[in-house]
Structure formats: structure tokens, C-alpha cells
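Here is what each chain is made of, one letter per residue.
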Amino acid sequence: VVADDAALPGEALETRLVALAAALPQLASAAGTEQWNGQLQRLEALATWQERACRERVTALLRGLRSLARLGVEQRRRLLPQGLRLVYQALGPAWRQAPVLAVLSGQGRRMSGTHRQVLAQFISALPVQQPAQASMASARAVLRAQVQEALRAVADVLAAWPPGFPVCLESGLAARLRGLRLAAQFLGSDAAGVFARLEGLYLLASCCPPCEAARADVARLLQQAVWRLSLGRDAARELDALSAALPCVARGADSADLELVAGFSALRQWLQESATDDGLAVNEALLFESLRLAWVLEAQGQPLLAGLLRVFHELCSAYWYRCLPLPLTLQAVVRELLEACGTGTEPVEPLCVAGWLSELLAGWPPEAQLALPASVQVRDAEGRLLPPCRLEDLPARLAEALGLVPEAGAAWYLGPEQWQAQAPELERDLILIEQGAAALRLSALERYCALLLEVRQLLSCAVNLPFPAGLLRQCHEALLAQLDRAAQWLEPRPAEAHVAAVQDWAQRATAALAETAGLQARLLQVLRPAARLLDRSLRLRLNPPPGVAETPAGEQCFHAALALLRWLLACSDADMRSRRSSGLPQALDVALHCPEPRRLLLEEPWSGRLPDTAELRRLQRKTGALSLTCHPLPGGGRCFDLLLA
Amino acid sequence: VKGWIIEDSAALAAGLCVLLEDCGVPVAGVCPGTPPSGAVDMEDLVLVSLQLRDGGAFRLLRDLRARDLQRSVAICSSGREAECRWAERAGAQLVLQRPVTRAVLEQALARLGQEEARGC
């Protein structure tokens, strides 16, 4: 390796040496000393090929650097910038521009936050070159031109960001800005200050993204500042504005620490606001922050606290999932835990962690499994029962079973034909989601699916309205957004304005049913307003023999079915309560069959209650049927059997 | 091949950067949201954290799929199967569970390579 290095031409040799020196901060934070010493040996070997005076200085100073290896990691980190400064001075003036070249060419871009800080300290400690006046002027002119060119390249990269794009950490961009800052040191203190500020603001903006509203502003201000600098103009106003948009600049805190501070603040705020008479109300923000905080702590080298936070997250999830508050007995332990953790940047006593862990584990809901059904079953679109599964496994099973919904299917909504082609499979998906949401008590998602199924039914009735392509596309996106939340065990919440728009369309479609012939359309037109008044979702599937609707038998069917469905709607309250407690869908989903011209079967898959004899007699009178019976269906649900006069 | 990291936590992103580069994949950028469309090539590797603060990780995976990106890997923090399956449905070629180690990432890269070879 040494021989290869020695064979390098002079310029590359300098770059190589600087690259080796740049890797030292990274090695300094490693626990072992072998690599550190190895790197120093390589530096020494390179120096042996230089002129004698330089070689002697390097050799003497490398001895000092070797002594750093005997120190602990923290001491080494602290002393390293000073040591590197000495090495740098020892290298002589010819090599002093090499760091600029190295960084401009992208060296050292693997450095993490800590290493970057060490390098920044090292670089800031470097003395500015003071060559002879004449050569300095020409060197500055060349460097200034290079800086302008590099700035234009940065401006091009920034200009390529789409509007509203959040500032992101791109290694190429970071390396260029770092190079600019280094180069600016040779252009004078004013330029050095501007570029140091620019780089610092860029790193902060990318590592600590500001709130949603400020994101676009930050990217825009950064673009404007670089653009003005690339034209050789003053950008102080833009940099000031950028600085104001990033509140963390003033504190100068490390971005990872900021994440910890933000996470622990969120937990403290939750603790203050969540106490009720029944216990501590668990919300989604708490679940999210505790999980995230656990991983940030892990990344920050705090495995004990990370493990504790993970257990806390699991505990909160267990209560949240069962819609129960955390018991008040846990309030004291959570408060103590948060007080002791502080900002999470300092290590915590292992014994304390063990104590809190024990308290948290003792607070686990013991009756949790009893509060939930052991297994659930869902039906496919044809009403067939699918194999049972544990409730916890249901979301994963559904995610696998869905056919069309997870796909990006904008093509479905281009027109009625495309829609009709996909509608049956989409209906199957919606029915599965509705059942899953009901089983998991996600009522907002369940009601939204029921609404979409109503829309699908109204569309199949060929109502005389323009095809609502835009609305359907919005429905698809809204459904996906809610499923995304549900997959992360967050409560799905469809936007109220969107739901209102869909309901409005459904209402107009119901009114337009007046112009549509057929038994289903007539029944829906009469029953849907009533269902809406009662806040019920109504779906009707009809299977009469062709042409029956227009015959006297069809008319009889209509009146009998109407009376029966009105009764179902009117007495649905008690039924809904029992369904809710069993985790079954709330929608009134009815299938009507006419196996013979004067026989009507009404099947309701989600309701198992059989009416008593008196109720049946009253119903028979209302429907005008010769006979009326009700029997349970084999896979669950009930069936009314009417023989018409 | 270059790598993109979609993660809005600087601490977690830094760890992934080091891992990716240790596996020989240079990191092109770290973003808290969708990377700029022109910057990402079809063969680029994109690591997407499912625990983004705005909750848009699945939407982002669908966007990447719509852009025909062949190598998107989701990183799941919660360990819940439903989240992993949904990420796959959203377009993730692979889903890795945290903590992601070098060995896990190397295996994932090898598997992506095998799947691509099989696809060819």
C-alpha cells in the first residue's frame, strides 16, 4: 500500500494525504486503536517521500498523535482538532489548499453529524494562508472564479427542487457547500462568515425540518440566497429570513438532541393533559412519539431507555387498542420516568430503568384478552364465510386479501365502462374492509365503506347523472389514506367536507332514481331518504326473474318488500346495538330473491335475531302475504320467507 | 446504483447512511419526503421509513411505484405484520424490521439482486 501511495504523482499524493487525515476523526471515535495507529503509519509513510524538513516535523507530531490513542474515546474526540491542526501546520504551505480540493471533490462525505462537527472544528482552527502579496492576489482571483462556478452549480441543484419541496440533505450538495465554506476562508473573513452561515443553515434546515407551513418558505429562501450569491450579490437579507424560519439556529443544538427534546416534551404534555377521572387517556400522538423516541434513543446509544420506551409504547398500544385509559396508578411512574430522563441525552441508572420496567409490566391489562373476541370471521361478496382468524391478525389478512383498492387505479374512473369493469372486484374489497373495520371497531372507516358501497349501488342503477369521475377518484384516494392510517393502528378519519360531498352526490342520485325503472330503483328511491333520516346505511341486492317488476306480481313484490324493509329500518336500533357489541357491520344489507313469481325471500346476513310470533303476525298483515316465516341462515344471519297472495 | 433515504429523523437517517455506504451503496440524499423526481433513477435504491411524522410513507411508496422505481425498501419500526403487508401492497419490494443491521441490509440487497435477475 505504501509503495502504491508513493508512486502517486505529487498532486494526487497531497490529496491522498489529506484524505487520510480527514478520516482520522472517524477513526478517533472508534474504540479500537489498531486502525488509528495504522492510519498514522500511512501518514508517516507518505511524509517520508517529502522533503526532509517537512518529514521531520510530521514525524515528531505524529508521535504526539499516537499518544492520543492511549486516551479514551471522548478525550480523543476533544483533543483531535488540536492535534490535526498541528499536523496541518507541519505539512507546510504547499499543501494548505489541499483540503479545499479534497472537499470540493467530495472527500469525506461519509461523515456523520459528530464527525462533521469535529471536522468543522478542525477546519475552523486552521490558520488562513498568508503567501506573498502578488501570488496571493492571483490565487484569490482563481479561487473566486472557482467559488462562483461552484455556487452556480449549487443554484442549479436547488432550482431543480419542485415548488414546496422540503429542504433535504443531499450529500453532493452538502459537500459542495462545505467546499465553498473552506474555499471562502481564503477569500477573507466576510466571505468565510457568509458561507459558513449558508452551510450551517442548510444543514439545520435539512436535519430539523420546520413545520409544514414554513417548509416551502425555507426552500425558497435557500434558493434565493444561493442565487444571489452566485451572481456576486449580497444575500444577508435572505440568510436572516432563513435563520428566522429555523428557530433551532439560535439554540445551536444538535439535531438529534432536538428530536429527543421534542419527543420527551410531547410525552410530558400528554401527561399533563391526559388525566381524567377514569385514568390517562391514550392518544395516537402518544403512540407515535413513544415508538419514534425509542428508535431515536437506540440510535443515540441509549439502549436501556430505548427498551423502556418500547415497553411503554406497547403498554399504551394495549390500552388504546381496547379503547381503555391507562390506570391512574401508572401516572406516578410515568412522571418519575420523564423527570429522570430529562431530555434523554444523559445516561440513566440501570437500576432505575429496571424499577420503571417492573412497574410498567405490572400495569399491563390482565383482562385484555377477555375483552376481545378470540377470533373473527368475515364474508366474501357472495356472503360466504371465510376461515376465522385472530382479531390481531385481521388487518394483515385483509391487506393480503384486497384485490383492487391498494392499486393506483386512476384508469377506473375515466368513464362508466372502465368503472363497470372493475366495480364487482372493488365491491368485494369494500365489503371486506367494511367487515374488518367493524370487527376492529373503526367506525369512521366502516361508515365510509358503507357510504362507498351505496354509491356503487346507485351507479349500478344507471341514474341519469353525469359520471362522477372526479368524486370517485377522490373517494379512492381518501380510502387509501384511511387504510394507511389503519395499517399503522391510527384511527382513520375521513375529511368531513369530502364525506359531505359524497353524501350530497348520493342524495342527488337518489332523487334521480325517479327517472329509472326497476324494482331496486323504486325501493331505493322510497327507502333511502328514510334510512338517511335514521342515519342508517342501506344496501339492496335484488334478484327477481326478468320482467317480473312490470307484472302484477312485481307490484306485489314491491309493496311486500317495502313494508318489510320499513319495519327493518324502524326496529333497527336494538339490532344495531347488538351488532356493535359483536363487531358486525352496522349497514342494513339486504338481498331480495324471487325464486318463484309469488314468493319473496329477504336475506339479512348480519342480523341473527328472529322475530317472535306476534311480530311475525303483524308483519304478515302489513305485507299482505299469505304466509311469512323467518329462519336462521346456515352461515349466520336470518331469512324472511313470504308467500304472496 | 445510488441510495436515497426517506427519513425525517436525523439520528435514524445518519445510522442508515453509514449502513448503506458500508454496504457499498453511495448515499445520494436524505429527504423527509418524496425525493425530487429528476434526481432519482429507476435503478436507485430507496429506503423509506414507515414512521414518517406526516404519516405519508405508504403514499410515498405508491408514488415511487408509479414512477417505476424497482428498488424500494420499507423500514418498519413497529414490528406489526399489518404495517409490513400494507407496505408491500403499496409497492415496497422488501420490508425490513428495525433494527436494521449491516447483515440484514446486505441480505436485502442480495435478495433484490436475485429478484431482478429472475425478472430479467
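Residue numbers here run from 1 along each chain, matching the order of that chain's written sequence. Each chain is given a letter, starting from A, and each ligand a number, starting from 1, according to the order in which they appear as written. For this predicted model, a pLDDT threshold of at least 70 governs which residues receive local features, and a threshold of 80 or more governs which side-chain atom pairs are given and counted, while totals over whole chains, interfaces and linings are taken from all residues. As a convention, hydrogens and water are excluded, and side-chain values are obtained from all of the structure's heavy atoms.

### Some words on the overall build of chain A
Put simply, DSSP marks the helices as runs of H or I at least four residues long and the strands as runs of E at least two long, and each gets a number from the N terminus on. A count of helical and extended segments in chain A gives 28 helices and eight strands. Summarising the internal contacts of chain A: among those between residues at least 6 apart in sequence, 68% fall at separations of at least 24. Using a 1.4 Å probe, the Shrake-Rupley method yields the accessible areas, and only the shown protein chains count as cover for residues. By element, 55% of the accessible surface of chain A is carried by carbon and sulfur atoms, the whole surface being about 29,700 Å². Throughout, a contact is declared for two residues whenever any of their heavy atoms are within 4.5 Å.

### Concerning the overall build of chain B
The helix and strand inventory of chain B stands at four helices and five strands. Shown N-terminal to C-terminal, the secondary structure of chain B runs as helices and strands in the order β-α-β-β-α-β-α-β-α. Only protein chains enter the accessibility calculation, which uses a 1.4 Å probe; a residue whose area is less than 20% of its type maximum is buried, one above 50% is exposed, and one in between is partly exposed. A burial count over chain B gives 59% of its 120 residues as buried. Accessible surface, chain B as shown: approximately 4,500 Å² in total, 50% of it carbon and sulfur.

### Focus: empty space enclosed by the protein
All names here are of chain A. Using only the protein atoms, space was sampled on a 1 Å grid; points where a 1.4 Å probe fits but cannot get out form cavities, open sets with protein on both sides within 12 Å along at least five of seven lines form pockets, and lining residues are those with an atom within 4 Å of a point. Grid points are joined across faces, edges and corners, and a volume is the space filled by probe spheres set on the points. A full pass over the atoms with the stated rule returns nine cavities of 30 Å³ or more. What the second largest cavity holds in volume is close to 120 Å³. The set of elements that each furnish at least two residues to the lining of the second largest cavity consists of α21 (416-439), α22 (443-460) and α23 (469-487). Residue contributions to the lining of the second largest cavity peak at four residues, all from α23. All residues other than Ala, Val, Leu, Ile, Met, Phe, Trp, Tyr, Cys, Pro, Asp, Glu, Lys and Arg, Gly among them, are scored as polar; the first ten of these are nonpolar and the last four charged. For the lining of the second largest cavity, the per-class residue count stands at nine nonpolar, one polar and one charged.

### What about α22(A)?
Every helix has an expected span of 1.5 Å times one less than the residues it contains. Taking 1.5 Å of rise per residue, 18 residues should cover 26 Å, and α22(A) covers 26 Å from first to last C-alpha, within 8% of that figure. The element α22(A) is extensively covered by neighbouring structure, given that 14 of its 18 residues are classed as buried.

### Points about the pairing of strand β7 (residues 625-632) of chain A
Residues and elements named next belong to chain A. Note on pairing: two strands pair once DSSP finds at least 2 bridges between them. As paired elements, β7 and strand β8 (residues 638-644) share seven bridges and run antiparallel to each other. Residue Pro632 lies in a different strand from β8, and its bridge partner there is Arg638. Where β7 folds back on β8, the antiparallel hairpin that results is connected by five residues, among which Gly636 adopts a positive phi of roughly 105°.

### Some points on the nonpolar core
All names here are of chain A. Judged by nonpolar contacts, the single largest core of 147 residues is most densely connected at Leu326, Leu394, Leu445, Leu479, Leu523, Phe640 and Leu642. The contacts of Leu642, once residues within four sequence positions are left out, are Ala560, Leu564, Arg598, Arg599, Leu600, Thr623, Ala625, Ser627 and Leu628. The term nonpolar core refers to a set of buried residues drawn from Ala, Val, Leu, Ile, Met, Phe, Trp, Tyr and Cys, joined through side-chain atoms within 4.5 Å. Counting residues in each nonpolar core, the second largest holds 31 residues, with Ala150, Leu180, Val218 and Leu229 among its members.

### A closer look at the interface of chain B and chain A
Residue-level contacts link 38 residues of chain B with 42 residues of chain A. In total, chain B and chain A occlude about 3,700 Å² of area from one another, counting both sides; carbon and sulfur atoms represent 56% of this. Salt bridge criterion: a side-chain nitrogen from Lys or Arg within 4 Å of a carboxyl oxygen from Asp or Glu. At the junction of chain B with chain A, the criterion picks out three salt bridges. Of the charged contacts in the structure, one is a salt bridge between Arg292(A) and Asp8(B), with a shortest N-O distance of 2.9 Å. At the level of elements, α1 (10-22), β2 (27-31), α2 (57-66) and α3 (81-90) of chain B are the ones that each hand at least two residues to the side of chain B that touches chain A. Of all the elements, α3(B) adds the most residues to the side of chain B that touches chain A, at six residues. Tallied by class, residues from the side of chain B that touches chain A come to 18 nonpolar, seven polar and 13 charged. Buried area: the accessible area, evaluated with a 1.4 Å probe, that two parts lose upon being put together, summed over both parts.

### Focus on unusual backbone geometry
Geometrically, the link from Arg98(B) to Pro99(B) is a cis peptide bond, its omega value of 0° lying close to zero. Counting through the fold element by element, Pro99(B) comes out in the loop between β5 (94-97) and α4 (102-119). Despite not being glycine, Asp535(A) shows a phi value in the positive range, around 60°. You can see Asp535(A) is positioned in the loop between α25 (519-533) and β4 (538-543).

### Some details on the sheet that holds β7(A)
Residues and elements named next belong to chain A. If you walk across this open sheet you meet the five strands as β4-β5-β6-β8-β7, and the pairing is mixed. Looking at strand neighbours, the two that pair on one side only are β4 and β7, the edges of this open sheet. Geometrically, the sheet is characterised by an average inter-axis angle of 15° between neighbouring strands, direction not taken into account. Against the sheet, α25 makes contact with β4 and β5 (588-596), and its axis sits at roughly 165° relative to β4, the strand it touches most. Axis definition: a line fit to C-alpha positions, over the contact stretch in the case of helices; interaxial angles, taken between N-to-C directions, run 0 to 180 degrees.

### A closer look at helix α17 (residues 303-321) of chain A
Between its terminal C-alpha atoms α17(A) stretches 26 Å, which fits the 27 Å expected from 19 residues at 1.5 Å a residue. Of the residues trailing α17(A), Cys323(A) is marked for its positive phi of about 55°.

### Here we look at the packing of α23(A) against helix α24 (residues 496-512) of chain A
All names here are of chain A. Where α23 contacts α24, the axes come no closer than 11 Å and their chain directions differ by 140°. Here α23 is positioned oblique relative to α24, judged by the angle of their axes. Every pair of crossing elements has a handedness; the one defined by α23 and α24 is left-handed. Facing Leu471, Gln474, Cys475 and Ala478 of α23, the residues of α24 in contact are His498, Ala501, Val502 and Trp505. The class makeup of the residues in the contact of α23 with α24 is six nonpolar, two polar and no charged. When describing relative orientation, an angle under 35 degrees is termed roughly parallel and one over 145 degrees roughly antiparallel, while 65 to 115 degrees is termed roughly perpendicular and anything else oblique. Each helix crossing is assigned a hand: it is left-handed if the near helix lies turned anticlockwise from the far helix by less than a right angle, otherwise right-handed if that turn is clockwise.

### Focus on the pattern of salt bridges
Should the charged atoms of two oppositely charged side chains come close, the side chains can pair. Residues and elements named next belong to chain A. With the rule as written, the count across this model stands at 30 salt bridges over all chains. Its salt-bridge partner being Arg599, residue Glu596 comes within 3.8 Å of it at the nearest N-O pair. On the basis of relative accessible area, Glu596 is assigned to the partly exposed category, the value being 39%. Residue Asp641 pairs with Arg599 through a salt bridge whose shortest N-O separation is 2.6 Å. Placement of Asp641 in strand β8 and of Arg599 in strand β6 (residues 599-604) is noted, with a sequence separation of 42 residues between them. You can call Asp641 buried: its relative accessible area is 14%. Salt bridges here are not isolated pairs; linked through shared partners, they connect Glu434, Arg539, Arg541 and Asp589.

### Some thoughts on the confidence of the model for chain A
All names here are of chain A. The pLDDT value expresses, per residue, how confident the predictor is, ranging between 0 and 100. Scored by pLDDT, chain A has a mean of 74; 69% of the residues are at 70 or more. Contacts of residues 90-136 to residues separated by more than four positions or lying in other chains number 80 contacts, the stretch itself having pLDDT below 50. In the model, residues 247-253 has pLDDT below 50 throughout and makes ten contacts with residues more than four positions away in sequence or in other chains.

### Description of the packing of aromatic side chains
Residues and elements named next belong to chain A. Stacked, edge-to-face and tilted are the three classes for Phe, Tyr and Trp ring pairs, Trp counted by its six-membered ring, which pair at centre distances within 6.5 Å; planes under 30 degrees apart are stacked, over 60 edge-to-face, the rest tilted. Applying the stated criterion across every chain yields a total of three aromatic pairs over all chains. Ring centres 6.1 Å apart and planes at 65° place the aromatic pair Trp270 and Phe312 in the edge-to-face group. Note that Trp270 is positioned in helix α15 (residues 255-273) and Phe312 in helix α17, a separation of 42 residues in sequence. Both residues of the pair, Trp270 and Phe312, count as buried. Geometrically, the ring pair formed by Trp567 and Phe640 is edge-to-face, given 6.1 Å between the ring centres and 80° between the ring planes. Linking Trp567 in helix α26 (residues 552-570) with Phe640 in strand β8, this pair joins segments that are 73 residues apart in sequence. Both residues of the pair, Trp567 and Phe640, count as buried.

### Structural notes on the pairing of β5(A)
All names here are of chain A. Across six bridges, the pairing between β4 and β5 is parallel. If you follow Leu542 over to β5, its bridge partner there is Leu592. Between β5 and β6, which pair antiparallel and follow one another directly, the connecting turn spans two residues.

### Quick look at the side chain of His313(A)
Note on placement: His313(A) falls in helix α17. Two N or O atoms form a polar contact when they lie within 3.5 Å of each other; inside protein one atom must be a possible hydrogen donor and the other a possible acceptor, and for residues adjacent in sequence the pair counts only when both atoms belong to side chains. Side-chain polar atoms of His313(A) contact the side chain of Ser290(A), separated by 3.2 Å. Aside from chain neighbours lying at most four places away, what touches His313(A) is Leu287(A), Ser290(A), Leu291(A) and Arg80(B).

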